[in-house]
Amino acid sequence: MKSTDVLIMRPMAPLVTESLERHFTLHRGDLAEDKERFLDEVASKIRGMAVSHVHVNDALLDRLPKLEIVANFGVGYDTIDAAACGRRGVIVTNTPDVLTDEVADLAVGLLLATVRQIPQVDRYLRQGKWLEKPYPLTGTLRGRKVGILGLGRIGRAIAHRLVAFGLPIAYHGRTKQADVAYEYFPSLIEMAKACDVLMVVAPGGPETKNIVGREVLEALGPEGVLINVARGTLVDEDALAAALADGTIQSAGLDVFAEEPKVPDALIAQEHAVLLPHVGSASHHTRNAMGQLVVDNLTSWFQGNGPVTPVAETPWKSKT
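Below: a short report on this structure.

How each quantity is defined
Every chain is numbered on its own, with residues counted from 1 as its sequence reads. Predicted model: local features are reported for residues with pLDDT of at least 70 only, side-chain atom pairs are reported and counted for 80 or more only, and whole-chain, interface and lining totals are derived from all residues. Only hydrogens and water are set aside when side-chain values are computed; all heavy atoms of the structure are taken into account. To define axes, lines are fitted to C-alpha atoms, for helices over the stretch in contact only, and angles between the resulting N-to-C directions are given on a 0 to 180 degree scale. Helix and strand assignments come from DSSP, with helices taken as H or I runs of at least 4 residues and strands as E runs of at least 2, each series counted from the N terminus. For this classification, under 35 degrees means roughly parallel, over 145 means roughly antiparallel, 65 to 115 means roughly perpendicular, and everything else is oblique. By convention, the crossing between two helices is left-handed when the near helix turns anticlockwise from the far helix through less than a right angle, and right-handed when the turn is clockwise. Contacts were defined at the residue level, with two residues in contact if any of their heavy atoms lie within 4.5 Å. Asp, Glu, Lys and Arg are counted as charged, while Ala, Val, Leu, Ile, Met, Phe, Trp, Tyr, Cys and Pro are counted as nonpolar; the rest, among them Gly, fall into the polar class. Here the term buried applies to any residue with accessible area under 20% of the maximum for its type, exposed to any over 50%, and partly exposed to those in between, with areas from a 1.4 Å probe on protein chains only. Two strands are counted as paired when DSSP detects at least two bridges linking them. When a carboxyl oxygen of Asp or Glu is within 4 Å of a side-chain nitrogen of Lys or Arg, the pair counts as a salt bridge.

Interhelical geometry of helix 1 (residues 14–23) versus helix 12 (residues 284–302) gives an angle of 25 degrees and a closest axis separation of 9 Å. Regarding the angle of helix 1 to helix 12, the classification is roughly parallel. By crossing handedness, the relation of helix 1 to helix 12 is classed as right-handed. In contact with Leu-15, Val-16, Ser-19, Leu-20 and His-23 of helix 1, helix 12 contributes Asn-288, Gly-291, Gln-292, Val-294, Val-295, Leu-298 and Thr-299. Split by residue class, the contact of helix 1 with helix 12 holds 6 nonpolar, 6 polar and no charged.

Residue Pro-261 follows Glu-260 across a cis peptide bond; omega there is 5 degrees. Among the structural elements, Pro-261 can be located in the loop between strand 11 (251–254) and helix 11 (265–268). Residue Asp-97 is not a glycine yet carries a positive backbone phi of 70 degrees. Mapped onto the secondary structure, Asp-97 falls in the loop between strand 5 (91–93) and helix 5 (100–115). Despite not being glycine, His-278 has its phi angle at roughly 50 degrees, a positive value. Locating His-278 in the fold gives a position in the loop between strand 12 (273–275) and helix 12. Take His-278: its relative accessible area is 26%, and that puts it in the partly exposed class.

By secondary structure assignment, the location of Thr-4 is in the segment before strand 1 (5–8). Apart from residues lying up to four places away in sequence, Thr-4 is in contact with Phe-24, Thr-25, Arg-47 and Phe-302.

Before going further, it helps to examine the sheet that holds strand 1. Sheet strands pair by backbone hydrogen bonding; their relative direction is either parallel or antiparallel. The parallel open sheet is built from 5 strands, whose spatial order is 2-1-3-4-5. The two strands at the open ends of the sheet, each matched to only one other strand, are strand 2 (25–28) and strand 5. The average angle at which neighbouring strand axes cross in this sheet is 20 degrees, direction not considered. Judged from the 3 bridges that link them, strand 4 (residues 69–72) and strand 5 form a sheet pairing that is parallel. Bridging from a neighbouring strand, Val-70 pairs with Val-92 of strand 5. Strand contacts of helix 12: strand 1, strand 3 (48–51), strand 4 and strand 5, with the helix running at about 160 degrees to strand 4, the strand carrying the most contacts.

Glancing now at the pattern of salt bridges. Tallied over the full model, the rule gives 20 salt bridges. A salt bridge links Arg-156 to Asp-179; the nearest nitrogen and oxygen atoms lie 2.7 Å apart. Pair noted here: Arg-156 is in helix 7 (residues 153–164) and Asp-179 is in the loop between strand 7 (169–172) and strand 8 (183–184), with a separation of 23 residues, a long-range link. Linked by salt bridges that have partners in common, Asp-58, Asp-62, Arg-87 and Arg-88 make up one network.

Now the structure itself:
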């Protein structure tokens, strides 16, 4: 496989780059001063790509005539036109399962931090305000019902954790899932009306852009809490900032934003929002597991064993 040409265009974890350099001829677009010139020089021989937050579309695919596989670092692959890849016979893989528990843990922690105002309470103590008077009483998880938007791997893991907290669970998705007992809502707005917490865990992309807008937030109501650990594009950030400012909902906890790393000033200004810099899977343990799966997909493919974790749109059909 050492003669196989593989490309990266943005910095990736050392585990990924070092492993790829051992197995393949790795072309480091992330180190090139003139990336367009670099790509022109190597594009004709590239057979594989390892990507993280790289837009893979028809324009890029046109420049890579020998491309066979795109290995994405992450579960979400909304920056990759997987359908376009599929039409060209290009495999797309992602990194499911290995980050499920980490993101689910973070989602529950973010919910607790948001409802109980843990970051704000910490700041209160550090600023010496406890010496003056106790911190005001906070909200609670008690008596709340959680609605999960997107009951996939991560959504199920979150639900499992929250059941242990004694919280009733509902979910909304494209179809009702036969193997779960949680209450299903075919309408997102109706679920928001019936719940006190809206947990967003659905995939990004054009179909879900701004799916959580003003109408959904109004349905969630003044005691409502929004948590987003999926993609920032699912939430209308202008509508959310307005809803937080005027009391349409109580609070929000966000780990993702529409134009990362940019965060709207209107959200930063909301003291009762908890904002994290997209750290859902950001532990050494989990990021290393994700990186290894990127490498495993590429090595497995070029060894003739097929991809390890192909996405739904990919043309690969297992021989087993």
